[in-house]
Amino acid sequence: MSETSDPANRIAELRGILLRHNDLYYRSSQPEIADVEYDALKAELAGLEEMHPGLAHADSPAATVGDDRIEGFVTRRHLQPMLSLDNTYNEGEVREFAARLERMFPGQRLAFTVETKMDGLAASLVYENGQLVRVVTRGNGTEGDDITHNLPCLQGVPRVLASVPGGFPVPSLVEVRGEIYMTFSEFRRVNAAREEAGEPLYANPRNLASGTVKQLVCPRDRSLRVVTYGLGQCEPEVPSTQAALNEALRSWGLPVGDFFQLVEGAEGVWEAITKLDEKRHAFDYPTDGAVVKLNDTALQREAGFTSKAPRWAMAYKFAPEQAETRLRDITLQVGRTGVLTPVAELEPVLLSGSTISRATLHNESEILRKDIRVGDTVVIEKAGEVIPAVVRVVLEKRPAEAVPFDFAACASGLGLDAERVQDQAAWRLKTPSEEQRIRRLFHFASKQCLDIDGLGHAVAEQLVTKGLVQNPTEIYRQTKEQLLGLEKFAETSADNLLAAIGVSKTRELWRVIHAIGIPNVGAQTAKDLARHFRSLDALMNATADQLLVTHVGSKGGISHESVIEGVGKIVASSIQTYFSDPLHRQWVEDLRSSGVSLVETQPQAAVVEGVAGKTFVLTGTLPALGRDAAREMIEKAGGKVAGSVSKKTHYVVAGEEAGSKLDKARELGVAVLDEAGLRALLGAVG
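Figured I'd write up the structure that's included with this text. Fair warning: this is a prediction, and the values are worked out from it, not measured in the lab.

Some remarks on the packing of aromatic side chains
Then, in step 1: Considering all chains together, one arrives at 12 aromatic pairs under this definition.
Then, in step 2: Look at tyrosine 181 and tyrosine 285: their rings are 5.8 Å apart centre to centre, the planes differ by 65 degrees, and that puts the pair in the edge-to-face class. Residue tyrosine 181 is found in strand S8 (residues 173-181), and its partner tyrosine 285 is found in the loop between helix H7 (265-279) and strand S11 (287-294); the two are separated by 104 residues along the sequence.
Then, in step 3: Assessed through its relative accessible area of 9%, tyrosine 181 is described here as buried.
Then, in step 4: Here phenylalanine 283 and tyrosine 285 contribute two aromatic rings whose centre-to-centre distance is 5.1 Å and whose plane-to-plane angle is 25 degrees, an arrangement assigned as stacked. Like tyrosine 285, phenylalanine 283 is buried.
Then, in step 5: By way of ring pairs, the aromatic residues Tyr181, Phe283 and Tyr285 are connected into one cluster.
Then, in step 6: The side chain of lysine 214 reaches across the aromatic face of phenylalanine 73, ending 5.7 Å from its centre.
Then, in step 7: Sitting over the face of the ring of tryptophan 510, lysine 527 holds its NZ or CZ atom 4.6 Å from the ring centroid.

Next up, the structure:
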């Protein structure tokens, strides 16, 4: 709270603060404060503007929907405004919401629906004559960004709506409102890959989902989902109740939430919210509250809307679980790409059922903004219920000897020659550290790269610390005598590693591209690049217009069209920046002189009829093939491998101990193959 007592000054201050946080949350997907802090600021502004109507403005952050539109996207106007919801953290305000509607409609026992409030990115799916024509973000409520091109990342979204006998007919035109989100399991998978590569972890599923879908090209190695819950424009008619609408959405093949209850009165509403609060921790997706709606759609229309929200709906938000503990130290982790990530080392504390001893601090700016110091008592919470994060410092418990954290001095004290590039949040090493070299070599030799059997982390550490390998490409210079000098290496182990190094020279091109460590280029993008360019030289020398086509609109707006599936503005920039470094170009020459294959050896159209263009999902243990080999066989035959089962899945390949994916396949009627069936389909029996 500002110390000023002048309402006009405080209102202006709050508007500036909220506009900044709106931009961070909606456009950058990098919020600096928790929802509860943001909501408190917004409530304070709304209260002041109500007390001083002469100071209120129609475009105030307290009276408008945040704007998620960003440069580079085509904007589309919603047929009906896409509004926000009033929200509360207070049981009494939920009960008053129900009571207010009962006063508005006296003599009626009102029914309400209570459903899960997903923590994601609001979007609208537009169908014409049952066909999906576009997907648009909420934007400013009136118009949003067209993200239809990122549909391949959105699992479970039907391209065509189909009605069931006796069900609500599919409208000729309908805007279906929904939320794009990322599951916890997918979020953990993405972060595990980043941790293995020594890259900074993402903060929570909501930010990652929003940041992913708001790229000009959605990364193909990430999976997002959608839940639908409402309608905008609908012709010819809307179902008569919210409950009927939920069933209509389900019958059309659209995904709906797992929790949906029809109740009566304020007491029924609160009982349902309490029940959801008990159940939500078992869900594999982020929830931050419950949405309460008046069930009767005719009464909804009568209740009407404010400028930014319906009067017949409200969100109750669950307060995040938090704990206090002491910050023992701040350490720096060195990633494979040279990024230094600060980590809070904590006195162990129990939070949300697990003991927490470390938490992310993200970057130097975050530490300075929150004024986090070693020795402080801090409040931590699980950001998005996944990664522990430091929320704030308990200043009244700060020890007198605590001093501001000096990032540069800490890095220097560790012998790290690092710098923070202007306009970037991260510090990076000017020259690789020993830890970075180890991570880089381990990545280079890993199964998802050149698959050098026997070159694990322990061996990579010895090779680097003994000065035998400085850059990953130097692994091809190793001799038997050098390997025999490593701990636990004898004749056989040295011969085996040399043989594995020799075999790696003939690996597929995509593995080489993935191995050299281009930022933002994962395994799937590496495969796309290999198929398109067919040689590492062609990729290394690719011009900007060979990666992206730039369009300038009539009003001067700039948009980009991907030349290669999976390659957008960020990836294209990463590729060109990487190969502009003379060191990386030298690596390519080192690989060439070592005899590593730098061209695509697979036929450009090595497809199998019945497999090309089909989507497969692998689950369980495949006894002979293994999942990596099965994936390669499918992709070489022209198929695609996805991470989750949906109506777009053509085959589920189920091995031993197949789990929920097999159940989902049976539920959706997706064809199920065992290993022998897959071999037969691929023409590889025996």
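As for the pairing of strand S14 (residues 339-351)
Within a regular strand, the side chains alternate between the two sheet faces.
Then, in step 1: Among the 13 residues in S14, 10 count as buried, and that is most of the element.
Then, in step 2: Pairing between strand S13 (residues 322-334) and S14: seven bridges, direction antiparallel. Considered in S14, the bridge of isoleucine 330 is made with alanine 344.
Then, in step 3: Taken together, S13 and the strand that follows it, S14, pair antiparallel across an intervening segment of four residues, in which glycine 338 is found at a positive phi of about 90 degrees.
Then, in step 4: In this sheet, strand S19 (residues 427-429) lies alongside S14 in antiparallel orientation, the contact comprising two bridges. Residue pairing in the sheet places leucine 340 in a bridge with tryptophan 427 of S19.

Describing unusual backbone geometry
Then, in step 1: Here the residue pair glutamate 235 and proline 236 is connected by a cis peptide bond, since its omega of 20 degrees sits within 30 degrees of zero.
Then, in step 2: Within the secondary structure, proline 236 is located in the loop between strand S9 (224-235) and helix H6 (242-251).
Then, in step 3: One non-glycine residue, aspartate 451, adopts positive backbone phi at about 50 degrees.
Then, in step 4: Assignment of secondary structure puts aspartate 451 in the loop between helix H11 (434-445) and helix H12 (457-465).

A few points about H12
Then, in step 1: When we look at burial in H12, the residues that qualify are Val459, Ala460, Gln462, Leu463 and Val464.
Then, in step 2: On the buried face of H12, the contacting elements are H11, helix H13 (480-484) and helix H14 (491-504).
Then, in step 3: Looking at the residues trailing H12, positive phi occurs at glycine 467, about 80 degrees.

Structural notes on the sheet that holds strand S25 (residues 671-673)
Then, in step 1: In space, the four strands of this open sheet follow the order S23-S22-S24-S25, with parallel pairing throughout. Edge strands, defined here as strands with exactly one partner in the open sheet, are strand S23 (640-642) and S25. Taken over all neighbouring pairs, the strand axes of this sheet differ in orientation by 35 degrees on average, direction set aside.
Then, in step 2: Pairing of strand S24 (residues 651-654) with S25 involves three bridges; the strand directions are parallel. In the sheet register, valine 652 faces S25, and the bridge partner there is valine 672.
Then, in step 3: Relative to the sheet, helix H20 (residues 627-636) contacts strand S22 (615-619) and S23, its axis offset from that of S22 by approximately 170 degrees.
Then, in step 4: Taken strand by strand, helix H22 (residues 675-682) contacts S22, S24 and S25, and its axis lies near 100 degrees from that of S25.

Reading the values: the criteria
Residues numbered from 1 in each chain as written. Predicted model: local features only at pLDDT ≥ 70, side-chain atom pairs only at ≥ 80, totals over all residues. Heavy atoms only, no water. Phe/Tyr/Trp six-rings, centres within 6.5 Å; stacked < 30°, edge-to-face > 60°. Helix = DSSP H or I, 4+ residues; strand = E, 2+ residues; numbered from the N terminus. Buried < 20%, exposed > 50% of the residue type's maximum accessible area, 1.4 Å probe, protein only. Lys NZ or Arg CZ within 6 Å of the ring centre and 35° of its normal. Pairing = 2+ DSSP bridges. Contact = heavy atoms within 4.5 Å. Axes fitted to C-alpha atoms, helices over the stretch in contact; angles between N-to-C directions.

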